Amino acid sequence: MPFKAKRAVWDKLLEVADVASLSQKEHEAYQRALMNYWDYHNTMEAAIQEGMEKGMEKGMEKGKTEGKIETARNLKQLGVSMDVIVQATGLSEAEIQQL
C-alpha cells in the first residue's frame with residue numbers, strides 16, 4: 001500500500017478512536033458540530049448548483065438573442081424585406097433597423 005494510502009487509513013483510525021473516547025456530552029457536541037458542518041456543506045452545494053443553473057439559463061438566452069441579431073443582420077445585408085426578417089427572427093422593426 002502506498003504511503004499516502006497508509007497515512008489516510010491511520011488518520012481515519014485515529015479519528016474513530018478519538019470519537020470513541022469522547023464522553024456522552026462531548027459526543028453530543030461532536031454530533032451537533034458534524035450536523036452543522038454537513039448542513040452548511042449541503043446548503044453551499046445547493047446554492048452553487050442553483051447559481052450554475054441560472055447562469056446557464058442566462059447564457060442560453062443571450063446566445064439565442066445574439067443568434068437572432070446575427071441572422072437579422074445577414075438577411076438585411078442580403079436585401080430581404082423587413083417583414084420577412086421580422087417573421088424569421090422575432091425581432092421588432094426598430095431592433096432590426098438599428099443593425
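From a predicted model like this one, the values you see are computed outputs, not experimental measurements.

Student: So what exactly am I meant to see when it comes to the packing of aromatic side chains here?
Tutor: How two aromatic rings sit relative to each other is set out by the distance from centre to centre and by the angle between their planes. Counted under the stated rule, the structure contains one aromatic pair. Ring centres of tyrosine 37 and tryptophan 38 lie 5.2 Å apart, and the angle between their planes is 75 degrees; on these two criteria the pair is classed as edge-to-face. In this structure tyrosine 37 comes out as partly exposed when scored by relative accessible area, which is 45%. Tryptophan 38 sits in the partly exposed class, given a relative accessible area of 42%.

Student: Just checking my understanding: could you explain the confidence of the model for the protein chain for this structure?
Tutor: Parts of the model with low pLDDT should not have their predicted coordinates read in detail. Scored by pLDDT, the protein chain comes out at a mean of 89, with 96% of its residues at no less than 70. Looking over the protein chain, one finds the lowest element-wise mean pLDDT in helix α1 (residues 3–20), namely 77, and the highest in helix α3 (residues 82–89), namely 94.

Student: Would you mind going over the nonpolar core with me for this structure?
Tutor: One broad rule of soluble globular proteins: the nonpolar side chains tend to lie buried together. Ala72, Leu75, Ile85, Leu91 and Ile96 together form the largest nonpolar core, which totals five residues. Every residue in contact with leucine 91, bar those within four places of it in the chain, is listed here: Lys68, Ile69, Ala72, Val86 and Ile96.

About the cut-offs
- Residues numbered from 1 in each chain as written.
- Predicted model: local features only at pLDDT ≥ 70, side-chain atom pairs only at ≥ 80, totals over all residues.
- Heavy atoms only, no water.
- Phe/Tyr/Trp six-rings, centres within 6.5 Å; stacked < 30°, edge-to-face > 60°.
- Buried < 20%, exposed > 50% of the residue type's maximum accessible area, 1.4 Å probe, protein only.
- pLDDT = per-residue confidence, 0-100.
- Helix = DSSP H or I, 4+ residues; strand = E, 2+ residues; numbered from the N terminus.
- Core = buried A, V, L, I, M, F, W, Y, C linked by side-chain atoms within 4.5 Å.
- Contact = heavy atoms within 4.5 Å.

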